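As a plain string of letters, each chain reads:
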Amino acid sequence: MNRDIKSHTLDQIEAKLLAWGQPVYRATQVTHWLYRRLATSWSMMTNLPRLLQERLADEYDLYASTLLRLEEAPDGTRKFLWQLADGCSIESVLIPATPALHGQTSDRTTLCVSTQVGCAYRCAFCASGLAGLQRNLGVDEIVEQLLAAERWHRQSKNPRTGQAAMRPSSPGFQRTGPTERIPSADAPEPLAKQGRFVDNLVVMGMGEPLANFDNLLVALRVL
């Protein structure tokens, strides 16, 4: 398995492409496709030369997480169970902020991401450590949680936030799934038209972020 391109910062991508004899602006094109157009294949990057697409495909993976299960709470909070490339599973949670108690939809959305598969600390109030620690997440796997949530939003065509009209009637999380991988549109709309779904990021999902500090710092720089 090759290293996923999302583990690299823009500077690292620029250095690699320059070493290949490519102009530096190609790195900006690649990152535009990754982080603004949410591309999941090299062939989607239509303004890159075909030979460059092929070389990138030979050198790097470009993995999109599989959505195994989605659970939704009455307040619009959504918990995603994602499958990683090696078959491990992690959770991330979308949390809408409610500005008032009068039925308005949320004015912003926070994504809670994981940094490890499982956890070694076994805190009494947290279920993440029940099965122990399996491994740290890579830089790309931390970054991909945000991209996967953005892809889910674009594909589901949901409103920006709480979705009062779609809230389940019974209390607690409502489970949907299992589901297949969310398909990616051949030409998703740019963010200039759609807007970004996630406003805020918290690193309070599965695992202890300070135990995977180096990968977390690079992931935050990438994001």
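Structure: above.
Residues numbered from 1 in each chain as written. Predicted model: local features only at pLDDT ≥ 70, side-chain atom pairs only at ≥ 80, totals over all residues. Heavy atoms only, no water.

Student: With reference to specific residues and values, describe helix α4 (residues 139-156).
Tutor: With 18 residues, α4 should cover 26 Å at 1.5 Å per step; its first-to-last C-alpha distance of 26 Å lies within 8% of that length. At Q145, α4 shows its strongest bend, of approximately 25 degrees. α4 sits mainly inside the fold: 16 of its 18 residues count as buried. (Helix = DSSP H or I, 4+ residues; strand = E, 2+ residues; numbered from the N terminus. Expected span 1.5 Å × (residues − 1). Bend = angle between axes of the 7 residues up to and from the residue. Buried < 20%, exposed > 50% of the residue type's maximum accessible area, 1.4 Å probe, protein only.)

Student: Can you break down the packing of α4 against helix α6 (residues 213-222) residue by residue, with the values?
Tutor: Packing of α4 against α6 brings their axes to within 8 Å, and their N-to-C directions diverge by 45 degrees. Considered as vectors, α4 and α6 are oriented oblique to each other. Along this stretch, α4 crosses α6, giving a crossing that reads as right-handed. From α4, V139, I142 and V143 reach across to α6, where they touch N215, L216, V218, A219 and V222. Taken together, the residues of the contact of α4 with α6 sort by class into 7 nonpolar, 1 polar and no charged. (Axes fitted to C-alpha atoms, helices over the stretch in contact; angles between N-to-C directions. Parallel < 35°, antiparallel > 145°, perpendicular 65-115°, else oblique. Left-handed = near helix turned anticlockwise from the far one by under 90°. Contact = heavy atoms within 4.5 Å. Nonpolar A, V, L, I, M, F, W, Y, C, P; charged D, E, K, R; others polar.)

Student: Explain helix α2 (residues 25-35) to me, and be specific about the residues and the numbers.
Tutor: With respect to burial, α2 is a largely interior element, 8 of its 11 residues being buried. Those residues of α2 that fall on the buried side of the exposure criterion are R26, A27, Q29, V30, T31, W33, L34 and Y35.

Student: Any details on the pattern of salt bridges? Residues and values, ideally.
Tutor: According to the stated counting rule, one finds 9 salt bridges in the structure shown. For E71, the salt bridge identified is with K79, shortest N-O distance 3.7 Å. Among the residues examined, K79 registers a relative accessible area of 23% and is labelled partly exposed. A salt bridge links D86 to R135; the nearest nitrogen and oxygen atoms lie 2.9 Å apart. Of the two residues, D86 is situated in the loop between β2 (78-83) and β3 (89-97) and R135 in strand β6 (residues 133-136); the sequence distance between them amounts to 49 residues. Judged by relative accessible area, which is 43%, D86 ranks as partly exposed. (Salt bridge = Lys/Arg side-chain N within 4 Å of Asp/Glu carboxyl O.)

Student: Break down the packing of aromatic side chains for me, with residues and values.
Tutor: Throughout the structure, instances matching the rule amount to 3 aromatic pairs. Note on F80 and W82: the rings are 5.1 Å apart at their centroids and 10 degrees apart in plane angle, and the pair reads as stacked. Taken individually, F80 and W82 each receive the classification buried, so the pair is uniform in this respect. Seen in terms of ring centroids, F80 and W152 are 5.2 Å apart; in terms of plane orientation they differ by 75 degrees. Their pairing is edge-to-face. Here the residue F80 occupies a position in strand β2, and W152 occupies one in helix α4, the gap between them amounting to 72 residues. Here F80 falls in the buried class, since its relative accessible area comes to 0%. What makes W152 buried here is its relative accessible area of 7%. Cluster of aromatic residues (ring-pair linked, three or more members): F80, W82, W152 and F197. (Phe/Tyr/Trp six-rings, centres within 6.5 Å; stacked < 30°, edge-to-face > 60°.)

Student: Kindly report on the side chain of K6, identifying the contributing residues and their values.
Tutor: Of note, K6 is situated in the segment before α1 (10-19). Overall, K6 belongs to the buried group, its relative accessible area being 1%. Within the structure, the side chain of K6 is placed 3.0 Å from the backbone oxygen of Y63, a separation counted as a polar contact. With near-sequence residues (within four places) excluded, K6 lies in contact with Y35, L62, Y63, V139, D140, V143, E144, L147 and V222. (Polar contact = N/O pair within 3.5 Å; in protein donor to acceptor, adjacent residues only side chain to side chain.)

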